[in-house]
Amino acid sequence: MRLSVAAAISHGRVYRRLGLSPRSRLDLLRNLVTALVRYERIETPWARADEMRGYAERLIDYAKRGDRDERAMRMADFWLTEKDLIHKLFKVLAPRFQTHPGSYTRLLQIPNRDGLDRAKMAVIELKGNPLPPLVRPRRDSDKTLLNQLLKGYRQDARPRGTPV
Amino acid sequence: MAVLVLVRSPLPRLRAVFQRCWGRLERGLWPGVFGGQSPPWGPALAVQGAALVPGGINDASESSAEALSLLGSVMWMAAPKHRRTIEVNRCRRRHPSKLIEIKRNIDVCPECGNLKQKHVLCGYCYAKVKEETRLIRMEIYKKEGRPFNSPTVETVVLYEGEKPTEADEGKRIIERARKRPSWFVQN
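Residues numbered from 1 in each chain as written. Chains lettered and ligands numbered in written order. Predicted model: local features only at pLDDT ≥ 70, side-chain atom pairs only at ≥ 80, totals over all residues. Heavy atoms only, no water.

Along chain A, the regular secondary structure elements total five helices and three strands. The C-alpha radius of gyration computed for chain A amounts to 24 Å, which surpasses the reference 15 Å derived for 164 residues by more than 25%, pointing to a less compact arrangement than a globule. Its C-alpha atoms give chain A principal-axis dimensions of roughly 85 × 50 × 40 Å. Partitioning the intrachain contacts of chain A with sequence separation of at least 6 by distance along the chain shows that 58% fall at a separation of at least 24. If you sum the accessible surface of chain A, you get close to 11100 Å²; carbon and sulfur atoms cover 53% of it. A gap of 4 Å separates the mean positions of the 34 positive and 19 negative side-chain charges of chain A. (Helix = DSSP H or I, 4+ residues; strand = E, 2+ residues; numbered from the N terminus. Rg over C-alpha atoms; globule rule 2.2 N^0.38 Å. Contact = heavy atoms within 4.5 Å. Areas by Shrake-Rupley, 256 points an atom, 1.4 Å probe, with all protein chains shown as cover. Lys, Arg positive; Asp, Glu negative; His and termini not counted. Charge placed at Lys NZ, Arg CZ, Asp CG, Glu CD.)

The structure is reproduced here in structure tokens:
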């Protein structure tokens, strides 16, 4: 009777294994969260960015409770290693995202790293940051074939002016 | 995430078992193996005591044991019997599962015209934005003076000849000494 799970199966496991140990994984993610709050846009391997995203958004949810809240302050104290960022979190980021119901970060993939490992990299940024935008929202041009056909259809469907 | 699975080859086990059997044969602990006769490779005369050259006998038995166990282990290894022809080799090497998959998700970036993958940002446009971000961060660092001095107000970046609007009340202003780039739209 097999009493333990085979080593290669990981059904339903949500946390990735990063770093040297579980404590090291938390330290890694903590450094990344601190960097994100400081610089508002960071470039890191995709797996780390994806892992860190959940923690960063939960931290902002805690910050939205206000700095009078004991749990929120303890969370901010643990997750932000640079203590001047606690002020930034509660006074800048919490008001910025007060009206947003969720999803305060944007995760986009960038071309693989130039080094030997060709790692899958991503850039993660807080929405509403003052830096130049990474992706410009594209509106469909009027000159595309489909739009020209639709325009013609609309003109045909409109009732013609009274003939002279 | 990678999980190491240790697979131990069966060969050392078999080799250990073989050596143990051999040791037993040598010491005469398996009397029934040769049907009552003495082993054919052993000495014809049993010599009393360990008087005559005990080291020599041991070496001979060890070397013969090693040589015979090497032959034994060689006998147990798999080896190809026939040459694989070039036709068979070609079939194996050029099978579709071994060829590199062609990517069909490559597009042209509408901003700069370089090639990009559909789900990935354009490398050229990202490099442009990254450079501008770096320059803005240098200005921020100059304004802050020392490290760990991030302000408690929002930040806004203004280029040459721009005035802060009423939406920028109370924000820290970062000046960049150049014309506003076309892809950085002022909100």
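Another aspect to go through is a nonpolar patch on the surface. Residue and element names in this part refer to chain B. A cluster of nonpolar side chains, contributed by Leu14, Phe18, Met75 and Trp76, occupies part of the molecular surface with about 440 Å² of accessible area. In this fold, Phe18 is placed in helix H1 (residues 11-27). Relative accessible area serves as the criterion here: at 32%, Phe18 is assigned to the partly exposed category. (Patch = residues over 30% accessible without salt bridge, like charges linked within 9 Å, V, L, I, M, F, W, Y side chains within 5 Å. Salt bridge = Lys/Arg side-chain N within 4 Å of Asp/Glu carboxyl O. Buried < 20%, exposed > 50% of the residue type's maximum accessible area, 1.4 Å probe, protein only.)

All names here are of chain A. Within the secondary structure layout, Thr34 lies in helix H1 (residues 22-39). Under the relative-accessibility criterion, Thr34 is labelled buried at 3%. If we skip the residues at most four places from it in the chain, Thr34 touches Trp79, Leu80, Thr81, Glu82 and Leu85.

Worth remembering: the numbers are spatial, not functional.
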